[in-house]
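# Reading the structure
One letter stands for each residue in the lines below.
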2 protein chains.
Amino acid sequence: MSGPTDVSGETRLYGIVGDPIAQVRSPAAFNAHFAKLGLDAVFLPFHVRADGLAAAMEGFRSLRNLDGLVITVPHKFAFAELADELGDGARLVGAINALRRTADDRWIGELFDGIGFVEGLRAGGYEPAGKSFLIIGAGGAGSAIGSALLPARASRVTIADAVPERAEVLCRKLAAAGPEVAVEAVGPNPDPDGYDVVANATPLGMCEDDPLPIDPDRLSARALVADAIMKPAVTRLLREAEKRGCRVQPGQYMLDNQFPQIVKFLGLPGGAA
Amino acid sequence: MSGPTDVSGETRLYGIVGDPIAQVRSPAAFNAHFAKLGLDAVFLPFHVRADGLAAAMEGFRSLRNLDGLVITVPHKFAFAELADELGDGARLVGAINALRRTADDRWIGELFDGIGFVEGLRAGGYEPAGKSFLIIGAGGAGSAIGSALLPARASRVTIADAVPERAEVLCRKLAAAGPEVAVEAVGPNPDPDGYDVVANATPLGMCEDDPLPIDPDRLSARALVADAIMKPAVTRLLREAEKRGCRVQPGQYMLDNQFPQIVKFLGLPGGAA
């Protein structure tokens, strides 16, 4: 493999759909993977606006040499409506971030954000089975993390949201999908005391002067504190947690540890075992 | 530029649409051009079947980072219907082989097959102005060549077709578009005697045992004989013409000499002057 000149009529296509698109890193990651394995495939950026999603999906269906897609912000929820079938995690959250064409020409969507979170913990040597989790934020990220904690066999999952009804709705879904895990909804300003893992799944922390989603003085030093925020790479919450002796997991782990899972889902070699 | 890993979120997209697609050479040609000029762009194969063309075109419209397309067999006629506007040659033939997005988000189609034929002659040092042409075949290739001979100021264009009405229809279009060029329709088995250029635009010659489109014994040694067929690279017609001392132009010239014209049409640097 020695250049984009390697793209021929036989090259298989994959891509990521988002708006904006210039900042995405999936093309670099996937194309490096293809090059390493000598696969005749290329991974592309597809810049699609919200008003073009339905047309884009019909267009993708018509491209016989396009085998799979990654979906990123702000289209993860809309694409769940455009898929022919959803995996378990995608169905619970109502969002997807990967789509693949099946042998019988249907498109199956799945959401790997929560799996990436769980695999991130494992990659750092932290086994989530039997642990108690406080998830702050019942939106897309919180829902994804919560849903992945069911197959990961967490002992207890508490969902906190500034809008208590949102936390309750998510808890009902989680309880229905994984009755063996204890779930509980709480309102704003949750107390992190006593949880093994505290995860921020709100946007609080994207700006340096955002309020913290929890009071860090209530963290015990044995807690692991994770953040779903990727920019900044290390949020103020994580810095405060580190000061108090906690292990931390930055948001990038959630993304990086999805990669082998999505590679596998897309039917490509070199993915997760 | 050192690999498909160079494709990032900022890379602009171009592609070729056809069915089948594995054999196309445009990705190699365009990607080499992009690499040479250091353009952050990639040229892709898009395999679309006839029943998916309308969806594909709507999908292409939705991809905000896709700037242009090449259209190949069997979709050149169907895509003329899907473009928002046609160039002169495309309108006459009712077919396109290139499409570009304008600044105001419309898609303009043009056909470069005939221009490629004319530029092929010029590239070989043969100026078509003032010359007489016999074109055998009034289909897509013959129509394209005929339409390009008008701006090239041929003195006379004769169109032959096994179905005389097809030749007559094309002649009427050519006469309306370029009244300063003498056009004439003839039926099957045209006599090549007296023409400066004889061009086969029928499929006769794709198979080695096809009948010849003309009697080569009626060729004068000063004639130039061209073929629109690309496989085989040199048809039996061209071999027979060479035996009789004629200059020949294989079909590949028509394709190769379109490239700088299409590069220019797509608004890319390094195209035709």
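To be clear, the structure that these remarks concern was listed above.
Residues numbered from 1 in each chain as written. Chains lettered and ligands numbered in written order. Predicted model: local features only at pLDDT ≥ 70, side-chain atom pairs only at ≥ 80, totals over all residues. Heavy atoms only, no water.

Let us now look at the environment of Asp84 of chain A. Residues and elements named next belong to chain A. Note that Asp84 resides in the loop between α3 (76-82) and β4 (85-86). Assessed through its relative accessible area of 35%, Asp84 is described here as partly exposed. Separated by 17 residues in the primary sequence, Asp84 and Arg101 place their C-alpha atoms 9.7 Å from one another. Beyond its immediate chain neighbours, meaning those up to four positions away, Asp84 contacts Arg61, Arg106 and Trp107. A polar contact is formed between the side chain of Asp84 and the side chain of Arg61, at a distance of 2.9 Å. At 2.8 Å, the side chain of Asp84 forms a polar contact with the backbone nitrogen of Trp107. (Helix = DSSP H or I, 4+ residues; strand = E, 2+ residues; numbered from the N terminus. Buried < 20%, exposed > 50% of the residue type's maximum accessible area, 1.4 Å probe, protein only. Contact = heavy atoms within 4.5 Å. Polar contact = N/O pair within 3.5 Å; in protein donor to acceptor, adjacent residues only side chain to side chain.)

Residues and elements named next belong to chain B. Along the chain, Pro269 falls in the segment after α10 (259-265). Sequence separation of Pro269 and Leu39 is 230 residues, and the distance between their C-alpha atoms is 9.0 Å. In contact with Pro269, other than residues within four places in its own chain, are His33, Leu37, Leu39 and Val263.

Attention now moves to the packing of aromatic side chains. One pass over the structure, following the stated rule, counts twelve aromatic pairs over all chains. Each ring, one from Tyr14 of chain B and one from Phe34 of chain B, has its centre 5.6 Å from the other, and the planes form 50°; the classification is tilted. Taken as a pair, Tyr14 of chain B in strand β1 (residues 12-18) and Phe34 of chain B in helix α1 (residues 26-37) lie far apart in primary sequence, 20 residues in all. A residue is classified by how much of its surface remains accessible, and Tyr14 of chain B, at 6% relative accessible area, is buried. For the pair Phe46 of chain B and Phe60 of chain B, a centre-to-centre distance of 5.0 Å together with 45° between the ring planes defines the contact as tilted. You can see Phe46 of chain B sitting in strand β2 (residues 41-47) and its partner Phe60 of chain B sitting in helix α2 (residues 53-62), a full 14 residues away along the chain. The pair Phe46 of chain B / Phe60 of chain B is uniform in exposure class, with both members buried. By the ring-pair criterion, three or more aromatic residues cluster together here, those being Tyr14, Phe30, Phe34, Phe43 and Phe259 of chain A. The side chain of Arg100 of chain A reaches across the aromatic face of Phe265 of chain A, ending 5.0 Å from its centre. (Phe/Tyr/Trp six-rings, centres within 6.5 Å; stacked < 30°, edge-to-face > 60°. Lys NZ or Arg CZ within 6 Å of the ring centre and 35° of its normal.)

None of the figures reported here should be taken as evidence of function without further support.
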